[in-house]
Amino acid sequence: AAFTPLHVSQGAPSHFSPGCFRASRSRHQPLCAEKAQWNAGEDEDQAPALKEDWRDFRARLVSQEVPPYTRAGKSNAKVEEAVEDGVEAGTVDHQRRSDRPLMGSSWAHESPVEPGCILIARPDYFGSSQHYFNQAVICLVEHNEQGTAGFVLNRPTPYKIGSVTDKLPGFEESPLYLGGDVGEGVQVLHGVRTMSGAKEIVDGLMMGVDPWQAKELVDSGECNTHDFRFFYKYAGWAPGQLHDEIERGVWYSAACSRDLILQQCLQLPKPLWREVLELMGGRYSLISKATYGEL
């Protein structure tokens, strides 16, 4: 079937904040601008450690901890059994700190479900249905009492932005990703804090774009077209639904560095799903190796 042309401003779920999915300039003041104004007069009084992204700080703390071993979910999946057997037999030492890679520019660790976190699909789910979630890595942009929404990061389509909308000048050759199975419209993630009409998900991760401002930034060399990621549709959960799926072990939840979210998932040296699990270390790294037949 032909890919239906879409309007960039379509498809905003009713519970999302106004302007967060719009590609045109919003009349609402973006959250990032408000935060910048509030911080403007406080920087002199802040300790240097508090000026950085708290998620980076938390990641460094986690990287120094000994990760405890816990069974994920209640399934008797072959991959989980392989990891479990290795630990119980003593062939896998889950207490070693060396199981977790040293902190570098890219990092990932287990965390609660929260905006800006990622969900990693468990390898034994989505084999017979919803194939687009098989080995999916999803960035959550909203999580509250009204539900949860996010974008699948590692599902590129064969289409370019120019083939589905004419409202993003200068980005005609940018790749388009399948963000999920809900809604319509093209949504945008990027790291440009000064972008008008954008909503800050976590420090340095923005959603929403002013097309003309984005074009000006690219034309001036301040940004590159690859700094913006475009998604068609999104993944959504009703209130309580994601919690139930987490309890069943369908997803692993993790915090990660922004570069893992904003990198283009095209011709990567290692699949994003595998890279994230290996960065998480411990049993997650073992699950990745078992899935690829390395255990």
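Residues numbered from 1 in each chain as written. Predicted model: local features only at pLDDT ≥ 70, side-chain atom pairs only at ≥ 80, totals over all residues. Heavy atoms only, no water.

*Asks:* Is there a simple way to explain unusual backbone geometry in this structure?
*Replies:* A negative phi angle characterises most non-glycine residues, just as the trans form characterises most peptide bonds. Positioned with a positive phi, lysine 233 is a non-glycine residue whose angle comes to about 70°. Counting through the fold element by element, lysine 233 comes out in strand E10 (residues 229-237). The phi dihedral of glutamine 267 falls on the positive side, at around 55°, and the residue is not glycine. Within the secondary structure, glutamine 267 is located in the loop between helix H7 (258-262) and helix H8 (272-280). On the basis of relative accessibility, which here comes to 84%, the residue glutamine 267 falls in the exposed class. (Helix = DSSP H or I, 4+ residues; strand = E, 2+ residues; numbered from the N terminus. Buried < 20%, exposed > 50% of the residue type's maximum accessible area, 1.4 Å probe, protein only.)

*Asks:* It is not clear to me how helix H9 (residues 282-291) should be interpreted in this structure. Could you clarify?
*Replies:* Owing to its 3.6 residues per turn, the α-helix brings residues three or four apart onto one side. Judged by how many residues are buried, H9 sits mostly within the fold: 8 of 10 residues are covered. Among the residues of H9, those classed as buried are Gly282, Arg283, Tyr284, Ser285, Leu286, Ile287, Ser288 and Ala290. Immediately downstream of H9, the backbone of glycine 293 shows phi near 70°, a positive value.

*Asks:* For this particular structure, what's the right way to read the confidence of the model for the protein chain?
*Replies:* In low-pLDDT regions, the fine details of the predicted coordinates are not to be read closely. The predicted model of the protein chain has a mean per-residue pLDDT of 75, with 64% of residues at 70 or higher. Contacts for the low-pLDDT stretch residues 66-76, under 50 throughout, to residues beyond four places or in other chains number 22 contacts. (pLDDT = per-residue confidence, 0-100. Contact = heavy atoms within 4.5 Å.)

*Asks:* Would you mind showing me how to read the environment of glycine 249 here?
*Replies:* Looking at the element boundaries, glycine 249 is found in the loop between helix H6 (241-247) and strand E11 (251-256). Assessed through its relative accessible area of 4%, glycine 249 is described here as buried. Taking the C-alpha atoms as reference points, glycine 249 and alanine 121, 128 residues apart in sequence, are found 9.0 Å from one another.

*Asks:* Explanation requested: the pattern of salt bridges in the structure shown.
*Replies:* For side chains of opposite charge, pairing can occur when their charged atoms come near one another. Tallying each qualifying case throughout the model produces 7 salt bridges. Between aspartate 203 and arginine 193 there is a salt bridge, with the nearest N and O atoms lying 3.1 Å from each other. Of this pair, aspartate 203 sits in the loop between strand E8 (199-202) and strand E9 (205-207) while arginine 193 is found in the loop between strand E7 (182-190) and E8, placing the two residues 10 residues apart along the sequence. With a relative accessible area of 42%, arginine 193 lands in the partly exposed category. (Salt bridge = Lys/Arg side-chain N within 4 Å of Asp/Glu carboxyl O.)

*Asks:* Is there a simple way to explain the packing of aromatic side chains in this structure?
*Replies:* Each pair of aromatic rings is reported with the distance of its centres and the angle of its planes. All chains considered together, the criterion is met by 12 aromatic pairs. An angle of 75° between the planes, with centres 5.2 Å apart, marks the rings of phenylalanine 171 and phenylalanine 228 as edge-to-face. In this pair, phenylalanine 171 is assigned in the loop between strand E5 (156-160) and strand E6 (175-178) and phenylalanine 228 in the loop between helix H5 (211-219) and E10, connecting sequence segments 57 residues apart. Judged on exposure class, the residue phenylalanine 171 and its partner phenylalanine 228 are both buried. Between tyrosine 177 and phenylalanine 231 the ring centres are 5.8 Å apart and the planes differ by 40°, which places this aromatic pair in the tilted class. One end of the pair, tyrosine 177, is in strand E6; the other, phenylalanine 231, is in strand E10, with 54 residues separating them in the sequence. You can call tyrosine 177 buried: its relative accessible area is 0%. You can call phenylalanine 231 buried: its relative accessible area is 0%. Taken together through their ring pairs, the aromatic side chains of Tyr125, Phe126, Tyr132, Phe133, Trp237 and Trp251 make up a single cluster. (Phe/Tyr/Trp six-rings, centres within 6.5 Å; stacked < 30°, edge-to-face > 60°.)

*Asks:* Looking at this structure, how should I read the nonpolar core?
*Replies:* Note on soluble globular proteins: their nonpolar side chains tend to be buried together. Of all hydrophobic cores here, the largest spans 32 residues; its most connected members are Ile118, Ile120, Leu153, Leu189, Ile261, Val276 and Met280. Counting residues per element, this core draws most heavily on H8, at 6 residues. With residues near it in sequence (within four places) discarded, isoleucine 120 still touches Ala136, Val250, Trp251, Tyr252, Ala254, Trp273, Val276, Leu277 and Met280. Among the nonpolar cores identified, the runner-up in size contains 18 residues, and Leu168, Met206, Phe228 and Tyr232 belong to it. (Core = buried A, V, L, I, M, F, W, Y, C linked by side-chain atoms within 4.5 Å.)

*Asks:* Would you explain the side chain of serine 288 in this entry?
*Replies:* Mapped onto the elements, serine 288 comes out in helix H9. Since its relative accessible area comes to 0%, serine 288 is described here as buried. If near-sequence neighbours (up to four positions away) are discounted, serine 288 is found in contact with Trp273, Arg274, Leu277 and Glu278.

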